[in-house]
Amino acid sequence: MIFERKAQSAVWGLLTILILVVIAGGLVDIYRLYAARNWAYSVAQEAALAGASRGRDWDTVLNSGFIQLDQAVANTEAQNLVNSAMQARGITEYTFSIRVLPDPLGGTVSGFPPRPVRLGDGLSDWSSNEPAIGVYLEVPVQWTILDIFGIDLKTVRVFASAGVAQ
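Described in the following lines is the structure provided in the data block. What you see is a predicted model; the values in this text were computed from it and never measured.

1. A look at the overall build of the protein
Line of reasoning, step 1. Assigned secondary structure in the protein consists of three helices and five strands.
Line of reasoning, step 2. Taken from the N to the C terminus, the helices and strands of the protein come in the order α-α-α-β-β-β-β-β.
Line of reasoning, step 3. Relative to the globule expectation of 15 Å for 166 residues, the C-alpha radius of gyration of the protein, 24 Å, shows a markedly less compact shape.
Line of reasoning, step 4. Out of the 166 residues in the protein, the part that is buried amounts to 34%.

This is the structure we're talking about:
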């Protein structure tokens with residue numbers, strides 16, 4: 001009788017340990033997802049700021065007195081920052097989209113960002129009342145434990161924009 005109770009306790013102990021390991025792994029995966037989202041958002045913010053600050057068209061400022069963005073320079077600067085950040089982390093499969101509103105009065109881009117981002121209900125229009133640049137970034141996140149249960153890659157989607165005040 002005592003031997004049967006010990007065996008039963010050992011089985012319950014083993015099952016409890018397995019369940020706790022799975023829960024801990026799930027928590028680690030959730031933390032990795034959260035950390036990846038924060039990192040991707042900071043990359044998108046830095047890229048937007050780099051495009052807005054280095055993409056200023058100073059000739060237009062001298063001629064008209066209004067700040068305008070050079071669309072090609074702003075786009076290139078933002079792309080370079082995103083690519084270098086991804087290369088530094090060793091991420092090869094990522095997607096990004098950059099839109100520039102170069103005019104002094106800003107403008108509107110329909111259907112941008114192309115996919116819903118955090119807390120987004122759906123697609124909408126991105127608009128700004130000043131020259132601005134918007135950076136949309138998708139980064140895949142590998143799971144630690146959840147891939148064992150058939151849950152595939154999770155994609156983090158972020159959007160950031162930066163403008164230049166007149």
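2. Some remarks on the pairing of strand E4 (residues 132-141)
Line of reasoning, step 1. Counting buried positions over the 10 residues of E4 gives nine, a clear majority of the element.
Line of reasoning, step 2. Note that strand E1 (residues 95-101) and E4 share seven bridges and pair antiparallel. The residue of E4 that forms the bridge with Ile98 is Val135.
Line of reasoning, step 3. Pairing analysis gives 10 bridges linking E4 to strand E5 (residues 154-163), with the strands arranged antiparallel.

3. Description of the pattern of salt bridges
Side-chain pairs of opposite charge can arise whenever the charged atoms involved come near each other.
Line of reasoning, step 1. Evaluated as defined, the whole model comprises two salt bridges.
Line of reasoning, step 2. One salt bridge in this structure joins Arg54 and Glu77, with 3.1 Å as the shortest N-O distance. Of this pair, Arg54 sits in helix H1 (residues 2-54) while Glu77 sits in helix H3 (residues 71-89), and the two are 23 residues apart along the sequence.
Line of reasoning, step 3. You can call Glu77 partly exposed: its relative accessible area is 22%.
Line of reasoning, step 4. The closest approach of N and O atoms between Glu138 and Arg157, which form a salt bridge, is 3.4 Å. Of this pair, Glu138 sits in strand E4 while Arg157 is found in strand E5, placing the two residues 19 residues apart along the sequence.

4. Structural notes on the packing of aromatic side chains
Line of reasoning, step 1. One pass over the full model with this rule turns up four aromatic pairs.
Line of reasoning, step 2. Where Trp126 meets Phe159, the ring centres are 5.9 Å apart and the plane angle is 75°; that geometry is what we call edge-to-face. Of this pair, Trp126 sits in strand E3 (residues 126-128) while Phe159 sits in strand E5, placing them 33 residues apart in sequence. In terms of burial, Trp126 and Phe159 fall into one category: buried.
Line of reasoning, step 3. Here a set of aromatic residues connected by ring pairs shows up, and it is made of Phe112, Trp126 and Phe159.

5. Let's talk about the sheet that holds E1
Line of reasoning, step 1. Across the sheet, which stays open at both edges, the three strands sit in the order E1-E4-E5 with antiparallel pairing between neighbours. Unpaired on one side and paired on the other, E1 and E5 mark the two borders of the sheet. Ignoring strand direction, the axes of neighbouring strands in this sheet form an average angle of 10°.
Line of reasoning, step 2. Strands E1 and E4 of the sheet are contacted by H3, whose axis makes an angle of about 155° with E1.

6. Side note on the layout of surface pockets
Line of reasoning, step 1. By volume, the largest pocket is sized at about 300 Å³.
Line of reasoning, step 2. Lining the largest pocket we find 13 residues, and of these Ile91, Val139, Pro140, Val141 and Gln142 sit closest to its centre.
Line of reasoning, step 3. Put simply, the parts of the chain that give the lining of the largest pocket at least two residues each are H1 and E4.
Line of reasoning, step 4. Residue contributions to the lining of the largest pocket peak at four residues, all from H1.
Line of reasoning, step 5. Taken together, the residues of the lining of the largest pocket break down into eight nonpolar, two polar and three charged.

7. Describing the nonpolar core
Line of reasoning, step 1. One finds Met86, Ile133, Val135 and Leu137 to be the most contacted residues of the largest nonpolar core, which totals 30 residues.
Line of reasoning, step 2. Mapped onto this core, the elements with two or more residues apiece are H1, H3, E1, E4 and E5.
Line of reasoning, step 3. Among the elements that make up this core, the one with the highest residue count is H1 (nine residues).
Line of reasoning, step 4. In terms of nonpolar packing, the next biggest core, distinct from the first, is built from seven residues, Val109, Trp126, Tyr136 and Phe159 among them.

Thresholds applied
- Residues numbered from 1 in each chain as written.
- Predicted model: local features only at pLDDT ≥ 70, side-chain atom pairs only at ≥ 80, totals over all residues.
- Heavy atoms only, no water.
- Helix = DSSP H or I, 4+ residues; strand = E, 2+ residues; numbered from the N terminus.
- Rg over C-alpha atoms; globule rule 2.2 N^0.38 Å.
- Buried < 20%, exposed > 50% of the residue type's maximum accessible area, 1.4 Å probe, protein only.
- Pairing = 2+ DSSP bridges.
- Salt bridge = Lys/Arg side-chain N within 4 Å of Asp/Glu carboxyl O.
- Phe/Tyr/Trp six-rings, centres within 6.5 Å; stacked < 30°, edge-to-face > 60°.
- Axes fitted to C-alpha atoms, helices over the stretch in contact; angles between N-to-C directions.
- Contact = heavy atoms within 4.5 Å.
- 1 Å grid on protein atoms, 1.4 Å probe; cavity = no way out; pocket = protein on both sides within 12 Å on 5 of 7 lines; lining within 4 Å.
- Points joined across faces, edges and corners; volume = space filled by probe spheres on them.
- Nonpolar A, V, L, I, M, F, W, Y, C, P; charged D, E, K, R; others polar.
- Core = buried A, V, L, I, M, F, W, Y, C linked by side-chain atoms within 4.5 Å.

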